[in-house]
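So you can see what is in the structure, the chains are spelled out below.
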Amino acid sequence: MTVNNPRRIFKAYLKELRAYESEGVKLYYPYNEECSPRFLAETMAGDPGATYMRDLEESEEGKVIRVHFNRILLADAGREGKRNNNP
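Residues numbered from 1 in each chain as written. Predicted model: local features only at pLDDT ≥ 70, side-chain atom pairs only at ≥ 80, totals over all residues. Heavy atoms only, no water.

Asks: Now, about the pattern of salt bridges: what can you tell me, with residues and values included?
Replies: Once the charged atoms of two side chains with opposite charge are near each other, the side chains can pair. In total, this model carries five salt bridges according to the counting rule given. Of the charged contacts in the structure, one is a salt bridge between E34 and K26, with a shortest N-O distance of 3.7 Å. K26 gets classed as partly exposed once you look at its relative accessible area, which sits at 40%. In this structure, E42 and R38 form a salt bridge, with 3.8 Å as the shortest nitrogen-oxygen distance. Placement of the pair is E42 and R38 together in helix α2 (residues 37–45), with a separation of four residues, close to one helical turn. Judged by its relative accessible area of 40%, R38 falls in the partly exposed class. (Salt bridge = Lys/Arg side-chain N within 4 Å of Asp/Glu carboxyl O. Buried < 20%, exposed > 50% of the residue type's maximum accessible area, 1.4 Å probe, protein only. Helix = DSSP H or I, 4+ residues; strand = E, 2+ residues; numbered from the N terminus.)

Structural data, given as structure tokens:
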């Protein structure tokens, strides 16, 4: 997802996460803490230095029942921080 408009990014995440919720899928972040779509969308949209990997858990029938989100630090974010701290 591009880093242009934080509000637009938030809305896109919220739409995705509410779709999961409407299907009865439980959302977890950090890994084992259930959370709301709004909390997760705010967290993800407010964290441009990371991306969030989705770990899907399925029922025996193959239906997604839980999604665990894992924060993955972006490599460029670390370099940018070093550049800003060391002129």
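Asks: Kindly report on the pairing of strand β4 (residues 64–73), identifying the contributing residues and their values.
Replies: Note: strand β1 (residues 26–28) against β4, three bridges, orientation parallel. Bridge pairing links L27 to V67 in β4. Between the antiparallel neighbours strand β3 (residues 50–58) and β4 lie five residues, among them G62 with a positive phi of about 90 degrees. (Pairing = 2+ DSSP bridges.)

Asks: Describe the environment of M53, naming the residues involved and giving the relevant values.
Replies: Residue position: M53 is located in strand β3. Taking the C-alpha atoms as reference points, M53 and F69, 16 residues apart in sequence, are found 5.6 Å from one another. Setting aside residues up to four positions removed in sequence, M53 forms contacts with H68, F69, N70 and I72. (Contact = heavy atoms within 4.5 Å.)

Asks: Before we move on, could you go through unusual backbone geometry and cite the residues and values that matter?
Replies: Residue P30 follows Y29 across a cis peptide bond; omega there is -15 degrees. If you trace the backbone, P30 turns up in the loop between β1 and β2 (34–35).

The analysis is restricted to geometry; functional conclusions fall outside its scope.
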